[in-house]
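Chain by chain, the residues run as shown.
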Amino acid sequence: MNWTHPYLDMDGDKLREECGIFGAINATDAAAATALGLHALQHRGQEAAGITSFDGKEFYSRRGLGHVAENFSSSEAIAELPGPMAAGHVRYSTTGGAGLRNVQPLYADLASGGFAVAHNGNISNAQKLRSELVQNGAIFQSTSDTEVIIHLVATSRYPTMIDRFVDALRLVEGAYSLIVMTPEGMIACRDPLGIRPLVMGRMGDAVVFASETVAFDVVGAEFVREVEPGELVKVGFDGATESLHPFGRHNPRPCIFEHVYFSRPDSMFAGHTVYEARKAIGQQLAIESPVDADYVVPVPDSGVPAAIGYAQQSGVPFELGIIRSHYVGRTFIQPSDGARHSGVKRKHNANRGLVEGKRIVLIDDLIVRGTTSMKIVEMMREAGASEVHFRVASPPTAHSCFYGVDTPERSKLLAARMDIEPMREFIKADSLAFVSIDGLYRAVGAKRRDNGCPQFCDACFTGDYPTSLTDLASTEDAAAQLSFPDHKAA
């Protein structure tokens, strides 16, 4: 669950979404559209990418480690994926670990025909279900929690595919957005609380689904609506769509971190543009925690919208006091242990001529372990800043996520170990403040958090988990509770 790519996050000090998914049916170039859509969702998963297509008779799959462009930029690669229906996936590994055999979509030949599934989220009772399935003779080919769904569908006794799929999902806990392909067409669905996002669009005669609306912008599709929490949308090859709600209606709890961090700023989420929501969070932060300063400086790139909002609300000028290098990535030579400390400076560098002798308000979106924040504060002081105040556009992240976000175990979260003042001392800032939980809710359109029935999943801030956590409850090792043994693919 805590696998960290050494090139992407040398300190393990950022939260990461597990993955992004995209699907298209009745499209002229379904695989090409899917590859383009996945490219727009690359920020949601940079470890591996996969696409599966269907040409009316056969399923075809291509999967690879690395970015979408490394695996699907050539015409030869797309030619291996014919047909009017395709689904794709980009991932980091949370449950299951790294390895080619865990790259999705996962595919299986069932008695009723081929079945491919792309999954965003995390099944919080996957370990229990897997154990029961193995005891009953199931043989797993991956260590991903997603494969549990395939086995549950395969062993269901209901007569139709849609009934077997619903039967399988009734046994599943946790968070999921799924795109499924069968010989009959495509099924897209969200868990009953809508924790993970999924949107629906149209591209001519094609119906498309994606984790974020930005993927529709890139492929030239029109956004139609969000897939509702607990909804299954069936799309046939005749273009007909059917909406089902087999799990009843529940009060939705979409992940509030989509507003704070995960979604691209140019996406829409829960009826709001992510960019405007992040600016509003910054404005709320300025109202709650003002400070006398010369400049508002974002920690790029994730802190930029909130910093703009903070500056607009406070009247303190917005300036780029930190310059980000866009060339520190996968191709950079892996640093030695002694060089890891300089990782922040390779990615971020202080704009010394601007910040020297100035009082600076640093704006970032979150603090996880605190190590990166400490190094950035230190960097600003070395550049001559007279004061460094730190403002965070989210409440303290004090709890682990078990719904598809790669968070450290709770003991490694700074906010789980310290109150605000010790955190300030740890990062060596002159002051430290976080936006309040009610302030966050106001920024995204609610009057306040409804403590009796929260409007979002905010468990990483509050510890209020909206579903059962069966696997966590059945083991004393919280860090490993959703991780199966990880055997690397050959």
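Definitions and limits used
Residues numbered from 1 in each chain as written. Predicted model: local features only at pLDDT ≥ 70, side-chain atom pairs only at ≥ 80, totals over all residues. Heavy atoms only, no water. Helix = DSSP H or I, 4+ residues; strand = E, 2+ residues; numbered from the N terminus. Buried < 20%, exposed > 50% of the residue type's maximum accessible area, 1.4 Å probe, protein only. Contact = heavy atoms within 4.5 Å. Phe/Tyr/Trp six-rings, centres within 6.5 Å; stacked < 30°, edge-to-face > 60°. Salt bridge = Lys/Arg side-chain N within 4 Å of Asp/Glu carboxyl O. Core = buried A, V, L, I, M, F, W, Y, C linked by side-chain atoms within 4.5 Å. Polar contact = N/O pair within 3.5 Å; in protein donor to acceptor, adjacent residues only side chain to side chain. pLDDT = per-residue confidence, 0-100.

**A short note on the overall build of the chain**
And then number 1: When you go through the chain residue by residue, the secondary structure sums to 18 helices and 23 strands.
And then number 2: For the chain, the proportion of its 490 residues judged to be buried stands at 57%.
And then number 3: Counting contacts in the chain only where the partners sit at least 6 residues apart, residues at least 24 apart contribute 70% of the total.

**Here we look at the packing of aromatic side chains**
And then number 1: Within the structure shown, the criterion is met by 11 aromatic pairs.
And then number 2: On the numbers, 5.1 Å between centres and 40 degrees between planes, the contact of F59 with Y107 is tilted. Residue F59 is found in strand β4 (residues 59–65), and its partner Y107 is found in strand β6 (residues 106–110); the two are separated by 48 residues along the sequence.
And then number 3: A relative accessible area of 15% places F59 in the buried class.

**Section: the pattern of salt bridges**
In a structure, side chains of opposite charge can pair up when their charged atoms sit close to one another.
And then number 1: Under the counting rule described, the total for this entry stands at 18 salt bridges.
And then number 2: Linking R359 and D294 is a salt bridge whose minimum nitrogen-to-oxygen distance equals 3.2 Å. In this pair, R359 sits in strand β20 (residues 359–364) while D294 sits in the loop between α9 (274–288) and β17 (295–298), placing the two residues 65 residues apart along the sequence.
And then number 3: Salt bridges sharing common partners tie together R44, R196, E212 and E258.

**Focus: unusual backbone geometry**
Among all residues save glycine, negative phi is the norm, and among peptide bonds the norm is trans.
And then number 1: Cis geometry marks the peptide bond from Q104 to P105; its omega dihedral reads 0 degrees.
And then number 2: Tracing the sequence through the fold places P105 in the loop between β5 (85–91) and β6.
And then number 3: In this chain, P300 is followed by D301 through a cis amide linkage whose omega measures -5 degrees.
And then number 4: Relative to the assigned elements, D301 resides in the loop between β17 and α10 (304–314).
And then number 5: Even without being a glycine, N26 presents a positive backbone phi close to 65 degrees.
And then number 6: Note that N26 resides in the loop between β2 (19–25) and α1 (30–40).
And then number 7: Assessed through its relative accessible area of 18%, N26 is described here as buried.
And then number 8: Its identity as a non-glycine residue notwithstanding, K428 has a phi of 65 degrees, on the positive side.

**Structural notes on the nonpolar core**
And then number 1: With 44 residues, the main nonpolar core has F257 and Y310 as its most contacted residues.
And then number 2: A per-element tally of this core places α9 first, with five residues.
And then number 3: In this structure, A126, L133, L169 and L232 belong to the second largest nonpolar core, which totals 30 residues.

**A look at the side chain of S142**
And then number 1: In this fold, S142 is placed in the loop between α4 (126–135) and α5 (146–155).
And then number 2: Only 2.7 Å separates the side chain of S142 from the side chain of E147, close enough to count as a polar contact.
And then number 3: With near-sequence residues (within four places) excluded, S142 lies in contact with R101, N102, L106, R130 and E147.

**Topic: α1**
And then number 1: Across the 11 residues of α1, eight count as buried, placing the element largely inside the fold.
And then number 2: Taken together, the buried positions of α1 are occupied by A30, A31, A33, T34, A35, G37, L38 and A40.

**Digging into the confidence of the model for the chain**
And then number 1: For the chain, the mean per-residue pLDDT works out to 88, and 88% of the residues sit at or above 70.
And then number 2: When the criterion is pLDDT under 50, residues 476–490 qualifies, and its contacts beyond four places in sequence or with other chains add up to 37 contacts.

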